[in-house]
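# What the coordinates show
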Amino acid sequence: MQRRSVLAGAVGSAAVAAWGGGIAAAVETAGADTRRLLGPDGRPDWGAVRAQFRLDPGLVHLATFYLASQPRVVRAAVDHLARQLDADPMLVPTRLSLPDGPTGWDRVRESLAAYLGGEADHVALTASTTIGLGIVYNGVRTRPGQEFLLSEDDHPVHQAAARLAADKHGARVRLVHSWFADSAEATAEEVVSAVRSRLRPTTRVLGITWVQSRTGVRMPVEAIAEVVREANRGRTEADRCLLVVDGVHGLAAVDADGARLGADVLVAGTHKWLFGPRGTGLLWVAPGALEQLRPTFASFIAGEGAAPLSPGGFLAFEHAFALPVSVAFHQTLGRSRVAGRIAELSTRAKQELADIPGVRVHTPAAAGMSAGITCFSVRDLPGADVVTLAAEREVRLSSLYHDSLGYARIGTGVMNSARDVDAALRVVRDIAGRPAR
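The structure contained in this document is the topic of the report that follows. Just so you know, the residues in each chain are numbered from 1, in the order the chain's sequence is written. Note on the predicted model: pLDDT of at least 70 is required for a residue's local features to be given, and 80 or more for side-chain atom pairs to be given and counted; whole-chain, interface and lining totals, by contrast, use all residues. Here the side-chain values reflect all heavy atoms present in the structure, with hydrogen atoms and water set aside.

Further remarks concern the environment of valine 414. Mapping valine 414 onto the fold places it in the loop between β15 (408-411) and α15 (418-433). The buried category is assigned to valine 414, whose relative accessible area is 2%. Spatially, the C-alpha atoms of valine 414 and alanine 252 are 11 Å apart, while their sequence positions differ by 162 residues. Helix and strand assignments come from DSSP, with helices taken as H or I runs of at least 4 residues and strands as E runs of at least 2, each series counted from the N terminus. Relative accessibility under 20% of the residue-type maximum defines a buried residue, over 50% an exposed one, and the middle range a partly exposed one, all with a 1.4 Å probe and only protein chains included.

Okay, structure coming up:
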């Protein structure tokens, strides 16, 4: 999708004006602001990018990957679609329009496929990563005695999706403790060796996480995919191991085509790093894996390929059909520049955290083994306590509330600056310097 297709077309549209001066003005302003995101040299103006977000300026926001704030241009698109629905609900699902033209399931799938580097027929739409994982594991054709292989570092909802499906279909879940001995020192070679040694002839699904929310480790998906391909040589389709990737913290944070990682299935919410409207997500299914997945729900999306995997039902259509604007926002900035900015800030955080007495960084320093999440611990404090103490100083960090490891996390996005990271580091330094209780 060209930059002009959604963003530049947001100005002066007769379709926008038809819905009233207020919404027309909002979309026009959003479009003008978006065109100013790039400086004279064609590179992003990160200050202008930050201005797109309606974040409280009194807080330091380093947890926006949890549930992302939306750029102004995305909010305007959602409002634009909502105005149409409120005026004539029967426009759903075929006659809703963005300022530059019609939108709907086909356009959403095409825009996401272009971002993933794949084909629209291989994209299904969901409301979240959790729902997507449930669709995949419940849909995999299995036989009694086959297994789903995951690690304890995968998110609990990933593990739960596998367990719920295994209980229904006579399979079982095997959890390894981890794919590495120490997350901070994890290497691609170590991970690949661990995966190779643990695959069995009965492994029907290998579930991994592109960027782990628990440790910040970025798994070497392409290399793991090669291991899975080796293991599948000589297997029948019914016995083939499928590589299922929870990609929610890699999508739009890592400069890579999700459809070209070598996975059989990539699952991701689009309301995090991609800044999509809330309640949106995707499945990408490799052509060779489509026959191995059965739909779980009746679908409202017509088409071949992965379309039938999309759950049907009425939903927030103004959110789902605004997704092309989120994709175009990222394409305007450039995926490599977005990933570079995220890496620049997370590297700053990792390096400075490592120099604070009493602080241990649990995310690899190597750029190829990490992305936008930096996990760390402060003395013997639970991560939740670090988050609470930082919040008292107006710094928003995060932790996994259900995680016994208890790491605190800094998440660096394109709305952040070096000043944000430095403010968080000052607070962490103060917390680490407090007398132990």
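A few words on the packing of helix α9 (residues 188-198) against helix α10 (residues 221-232). To obtain each axis, a line is fitted to C-alpha atoms, and for helices this fit is confined to the stretch in contact; angles are then taken between N-to-C directions over 0 to 180 degrees. Contact geometry for α9 and α10: axes closest at 9 Å, N-to-C directions at 25°. Viewed along their axes, α9 and α10 adopt a mutual orientation that is roughly parallel. Crossing of α9 over α10 shows right-handed handedness. Where α9 approaches α10, its residues Val191, Val192, Val195 and Arg196 are matched on the opposing element by Ala223, Ile224, Val227 and Glu230. Considered class by class, the residues forming the contact of α9 with α10 number six nonpolar, no polar and two charged. If an angle is under 35 degrees, it is roughly parallel; if it is over 145, roughly antiparallel; if it lies from 65 to 115, roughly perpendicular; otherwise it is oblique. The sense of a crossing depends on the near helix, which, turned anticlockwise from the far helix by less than a right angle, makes the crossing left-handed and, turned clockwise, makes it right-handed. Pairs of residues are marked as contacts when any of their non-hydrogen atoms sit within 4.5 Å. Think of it as three bins: nonpolar holds Ala, Val, Leu, Ile, Met, Phe, Trp, Tyr, Cys and Pro, charged holds Asp, Glu, Lys and Arg, and polar takes everything else, Gly as well.

What counts as a ring pair is set by centres within 6.5 Å for rings of Phe, Tyr and Trp (its six-membered ring), and what kind of pair is set by the plane angle: stacked under 30 degrees, edge-to-face over 60, tilted for all other angles. Enumeration over the complete set of coordinates arrives at ten aromatic pairs. Ring geometry for phenylalanine 53 versus phenylalanine 275: centroids 5.0 Å apart, planes at 70°, classification edge-to-face. Taken together, the residues phenylalanine 53 in the loop between α4 (46-51) and β1 (60-61) and phenylalanine 275 in the loop between β9 (265-269) and β10 (281-285) connect sequence positions 222 residues apart. Across the ring face of tyrosine 115, the terminal group of arginine 335 is positioned such that the distance to the ring centre comes to 5.8 Å. Only lysine NZ and arginine CZ atoms are considered, and such an atom sits over a ring when it is within 6 Å of the ring centre and within 35 degrees of the ring normal.

Okay, the nonpolar core next. Of all hydrophobic cores here, the largest spans 86 residues; its most connected members are Leu112, Trp179, Leu206, Ile208, Trp210, Ile224 and Leu243. Aside from chain neighbours lying at most four places away, what touches isoleucine 224 is Val191, Val192, Val195, Leu206, Ile208, Met219 and Leu243. Residues enter a nonpolar core if they are buried and are Ala, Val, Leu, Ile, Met, Phe, Trp, Tyr or Cys, with the set joined through side-chain atoms within 4.5 Å.

Taking strand neighbours across the sheet as the criterion, the four strands line up as β11-β12-β15-β14 in an open arrangement whose pairing is antiparallel. Of all strands in the sheet, those bounded by a partner on one side alone are β11 (359-361) and β14 (398-399). Only when DSSP finds a minimum of two bridges between them are two strands counted as paired. Inspection of the sheet shows β11 paired to strand β12 (residues 373-378) by three bridges, in the antiparallel sense. Within β12, the residue paired with valine 361 across the bridge is phenylalanine 376. Against the sheet, helix α13 (residues 335-354) touches β11, β12 and β15, its axis set at about 15° to β12. In the packing of α15 onto the sheet, the strands contacted are β11, β12 and β15, and the crossing angle to β12 comes to about 20°.

A carboxyl oxygen of Asp or Glu within 4 Å of a side-chain nitrogen of Lys or Arg is what we treat as a salt bridge. Per the stated rule, a full pass over the model turns up 18 salt bridges. Glutamate 147 is the salt-bridge partner of arginine 200, the closest N and O atoms lying 3.7 Å from each other. Taken together, the residues arginine 200 in the loop between α9 and β7 (203-209) and glutamate 147 in strand β5 (residues 147-151) connect sequence positions 53 residues apart. Of the residues examined, arginine 200 reaches a relative accessible area of 35% and is grouped as partly exposed. The class for glutamate 147 is buried, based on a relative accessible area of 0%. Linking arginine 240 and glutamate 237 is a salt bridge whose minimum nitrogen-to-oxygen distance equals 3.4 Å. Owing to a relative accessible area of 14%, arginine 240 belongs among the buried residues under this scheme.

Attention now goes to the environment of lysine 350. If you trace the backbone, lysine 350 turns up in helix α13. Each C-alpha atom of the pair lysine 350 and proline 220 lies 20 Å from the other, and the pair is 130 residues apart in sequence. Filtering out sequence-adjacent residues up to four positions away, lysine 350 remains in contact with Val361, Thr363, Pro364, Ala365, Ala366, Ser370 and Thr374.

Between helix α5 (residues 72-87) and helix α12 (residues 323-333), the least distance of the axes is 9 Å, while the angle of their chain directions is 160°. Between α5 and α12, the interaxial angle falls into the category roughly antiparallel. Regarding α5 and α12, the two cross each other, and that crossing is right-handed. In this structure, α5 contributes Val73, Val74 and Ala77 to the contact, and α12 contributes Val325, Ser326 and Phe329. A per-class count over the contact of α5 with α12 returns five nonpolar, one polar and no charged.

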